[in-house]
Amino acid sequence: MKARPYLIALVLIVLVAGLLVVFRTPGNDPAQQQRQETSPQAAVEAGAGMGDAYYPTDGNSGYDVTLYDVAITYDPSSKQLQGVAKVNANATDDLSRFNLDLEGLKVSDVKVGGQPAKFAQEGDHELVITPAAPLAKGKPFTAVVTYGGEPKTVEDASLGRSGWQISSTGGAFAAGEPHSATSWFPANDHPRDKAAFKLAARVPDGWTAISNGLEGPVTRDGGWTTFNWSEETPLATYLATVAIDKFEIVRSKLPSGAPVLDAYAPGTAAEKKPIQARLPEILGYLETKFGPYPQRAAGSIWVADKIGFSLETQTRPTYASWADLETVVHENAHQWFGDSVTISNWADICLNECLASYSQWLWLEKDGTNLDERYRGRVEELRGRTSFWAPKLYDMGKGNEFRGVYDKGIMAMHALRKQVGDDVFFKALQSWTAGHRNGNASWPEFENHFKQASGQNLDGFFQAWFRGSGIPEDQYLLPVGVRR
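Computed from a prediction, not measured in an experiment: that's the story for all the values here.

1. Focus on the overall build of the protein
Alright, step 1. Each helix and strand counted, the protein has 13 helices and 24 strands in total.
Alright, step 2. Here the protein holds 484 residues, and 59% of them are scored as buried.
Alright, step 3. Carbon and sulfur atoms provide 50% of the accessible area of the protein, an area that totals close to 17900 Å².

2. A closer look at the packing of helix 6 (residues 350-366) against helix 9 (residues 408-420)
Alright, step 1. The geometry of helix 6 relative to helix 9 is characterised by a closest axis approach of 8 Å and an angle of 75° between their N-to-C directions. Of the possible angle classes, the one that applies to helix 6 and helix 9 is roughly perpendicular. Taken together, the residues of helix 9 that come into contact with helix 6 (itself represented by Cys350, Cys354, Leu355, Ser357, Tyr358, Trp361, Leu362 and Glu365) are Gly409, Ile410, Met411, Met413, His414 and Arg417.
Alright, step 2. Counted by class, the contact of helix 6 with helix 9 contains nine nonpolar, three polar and two charged residues.

3. Quick word on the sheet that holds strand 2 (residues 63-75)
Alright, step 1. Strand order in the open sheet formed by eight strands is 6-5-9-3-2-13-16-15, with mixed pairing between adjacent strands. At either end of the open sheet lies a strand with only one pairing partner, and these are strand 6 (115-116) and strand 15 (214-221).

4. Considering the nonpolar core
The nonpolar side chains of soluble globular proteins are, as a tendency, buried together.
Alright, step 1. Counting 144 residues, the largest nonpolar core has Tyr147 and Trp465 as its most contacted members.
Alright, step 2. Here this core gets 10 residues from one element, more than from any other, and that element is helix 6.

5. Quick notes on the packing of helix 5 (residues 325-333) against helix 6
Alright, step 1. Across the interface, helix 5 lies against helix 6 with an axial gap of 8 Å and an inter-helix angle of 135°. With respect to each other, helix 5 and helix 6 are oriented oblique. Here helix 5 runs over helix 6; the crossing is right-handed. Along its contact with helix 5, which presents Leu325, Glu326, Val329, His330 and Ala333, the element helix 6 presents Glu353, Ala356, Ser357, Ser359, Gln360, Trp363 and Leu364.

6. Some words on the packing of aromatic side chains
Alright, step 1. Within the structure shown, the criterion is met by 30 aromatic pairs.
Alright, step 2. Plain terms: the ring middles of Trp164 and Trp184 are 6.4 Å apart, the flat faces sit at 50° to each other, and that makes the pair tilted. Note that Trp164 is positioned in strand 11 (residues 160-166) and Trp184 in the loop between strand 12 (172-175) and strand 13 (195-204), a separation of 20 residues in sequence. Each member of the pair, Trp164 as well as Trp184, is classed as buried.

7. Topic: the sheet that holds strand 7 (residues 118-122)
Alright, step 1. Read across the open sheet, the three strands follow the order 4-8-7; overall the sheet is antiparallel. Where the open sheet ends on each side, the last strands, each with one partner, are strand 4 (98-101) and strand 7. Each strand axis lies, on average, 25° off the axis of its neighbour in the sheet, ignoring direction.
Alright, step 2. With four bridges joining them, strand 4 and strand 8 (residues 126-130) adopt antiparallel strand pairing. Opposite Phe98, over in strand 8, you have Ile129 as the bridge partner.

8. As for the side chain of Asp372
Alright, step 1. Counting through the fold element by element, Asp372 comes out in helix 7 (residues 371-382).
Alright, step 2. You can call Asp372 buried: its relative accessible area is 18%.
Alright, step 3. Ignoring anything within four residues of it in the chain, the contact list for Asp372 reads His414, Lys418, Gly481 and Val482.

9. So, the state of the cysteines
Alright, step 1. A full pass over the atoms with the stated rule returns one disulfide.
Alright, step 2. Two residues share a disulfide in this structure: Cys350 and Cys354, whose sulfurs sit 2.0 Å from each other. Classification of the bridge connecting Cys350 and Cys354 rests on its S-S torsion, roughly -115°, and on that basis the disulfide is left-handed. One end of the pair, Cys350, and the other, Cys354, are both in helix 6, four residues apart, so they sit about a helical turn from each other. Of the two residues examined, Cys350 and Cys354, each falls in the buried class.

10. Side note on the side chain of Glu401
Alright, step 1. Structurally, Glu401 can be placed in the loop between helix 8 (386-389) and helix 9.
Alright, step 2. Look at Glu401: it is buried, it has no salt bridge, and the nearest opposite charge is Lys398 at 6.2 Å.
Alright, step 3. Polar side-chain contacts of Glu401 include one of 2.6 Å to the side chain of Tyr55.
Alright, step 4. A polar contact of 2.7 Å, which involves the side chain of Glu401, links it to the backbone nitrogen of Gly399.
Alright, step 5. In this view, Glu401 contacts Tyr54, Tyr55, Trp346, Ile349 and Met396; residues no more than four positions away in its chain are not counted.

11. A look at helix 6
Alright, step 1. Look at helix 6: 23 Å from first C-alpha to last across 17 residues, which is about the 24 Å you get at 1.5 Å a residue.
Alright, step 2. Along helix 6, 15 of the 17 residues are buried, which leaves the element largely enclosed by surrounding structure.
Alright, step 3. The first or second residue beyond helix 6 is Gly368, which carries a positive phi of 110°.

12. Notes on the pattern of salt bridges
Alright, step 1. Going through the model one piece at a time under the given rule, you end up with 21 salt bridges.
Alright, step 2. As a salt-bridge pair, Arg251 and Glu215 come within 2.7 Å of each other at their nearest N and O atoms. On the criterion of sequence distance, the pair formed by Arg251 in strand 18 (residues 248-253) and Glu215 in strand 15 is long-range, its members being 36 residues apart.
Alright, step 3. Given the relative accessible area of 54%, Arg251 is considered exposed.
Alright, step 4. Counted as one network, the salt bridges with shared partners bring together Glu365, Asp372, Arg417, Lys418 and Asp422.

Basis of the calculations
Residues numbered from 1 in each chain as written. Predicted model: local features only at pLDDT ≥ 70, side-chain atom pairs only at ≥ 80, totals over all residues. Heavy atoms only, no water. Helix = DSSP H or I, 4+ residues; strand = E, 2+ residues; numbered from the N terminus. Buried < 20%, exposed > 50% of the residue type's maximum accessible area, 1.4 Å probe, protein only. Areas by Shrake-Rupley, 256 points an atom, 1.4 Å probe, with all protein chains shown as cover. Axes fitted to C-alpha atoms, helices over the stretch in contact; angles between N-to-C directions. Parallel < 35°, antiparallel > 145°, perpendicular 65-115°, else oblique. Contact = heavy atoms within 4.5 Å. Nonpolar A, V, L, I, M, F, W, Y, C, P; charged D, E, K, R; others polar. Pairing = 2+ DSSP bridges. Core = buried A, V, L, I, M, F, W, Y, C linked by side-chain atoms within 4.5 Å. Left-handed = near helix turned anticlockwise from the far one by under 90°. Phe/Tyr/Trp six-rings, centres within 6.5 Å; stacked < 30°, edge-to-face > 60°. Disulfide = S-S within 2.5 Å. Lys, Arg positive; Asp, Glu negative; His and termini not counted. Salt bridge = Lys/Arg side-chain N within 4 Å of Asp/Glu carboxyl O. Polar contact = N/O pair within 3.5 Å; in protein donor to acceptor, adjacent residues only side chain to side chain. Expected span 1.5 Å × (residues − 1).

Here it is in structure tokens:
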């Protein structure tokens, strides 16, 4: 995600006001307990959530989703959505009941294993499902949820409106983090449970529905058109999207043969096509730094709205109307950092945003910018600005996830590069993306990875830049590699 600059200031105002505190609960499966040794977790009742300290009731620890197979019908004129979500999963515990997350839409029917199941919608997002017979640990099961209503926008303390949004052009799109998917389909809503994703989106003729992954067949019947999409590479729920508009579609291919689909909402094509046309160049350059492009498809969704962010929706980033070339670089760097290698907890968000933000500097370096000079100039400019150095980049606290990662995070990553040297830095990034491809990782794992790769004791460095608050001591602020 890349936020508009004014939203960073807005975060400070919201934090002072102390708005929007959300609590959600975790489980105690062995893999989760192992993660608790290295990542901040909340100790709560087993099965009630995934165990993220910031959003403890997000998700459910009792099962692992393998596929979301979602079918929706959406009418832009009435703003009504009707959906059927088939959730294929494996039970990781014996389950007499389990939860899915769904916000603002009413469930009318649930079946588990083909049999009617009891269900209740509790709180602001919990769909509690009680199957006719308990689910055995280690066994696969399928839950089918029928639901509908008018999707609601999620109000986020850091970035304003997200989730399902009505476009100024009359269509709609879904994008945002940490919560977005559950504004339009039921999900195990935490990045730790990644799954394949399929979507059949039925809209009135004349409208187009764009989503993640590969484009499937398009069918028409009785004034309605159904668009089919399939993303086999596992994705985190907040990276799933659908956008409905009267798009102009441009199809092409990367040099590798991977399909590219770009969608331009009315009024965006003339300005944005020249920027998006540089995607093959951008991905080719990022491959030299981060390793092979980890997705099966590429492209973009350009909306006509001045939303507060652009987002790395998997394979096909969603761009606000203000997005520029650096935004395209940023969101496509996320295809490695965030989409392929996904955070274990929201406290780890620097793994996504610090690295994607640093990719913008790498792009400038490609075009001739001396990053050491740029870095030194920024240090001198910012030495006395305590507000810049205050945010922690790891375990920053709920509501602070998007403070510091876009600006201080860039500086921190360049300092790390100079601390360990270019050869170690880029080899370590490539081995990181290869070793965690299509999985999850935590910030402590990243620290250990760089300690091993460099052979250095980096505890003081990481404490000064990422775990602590305030300007780092000069030995870490100006590593040998960046000194004149």
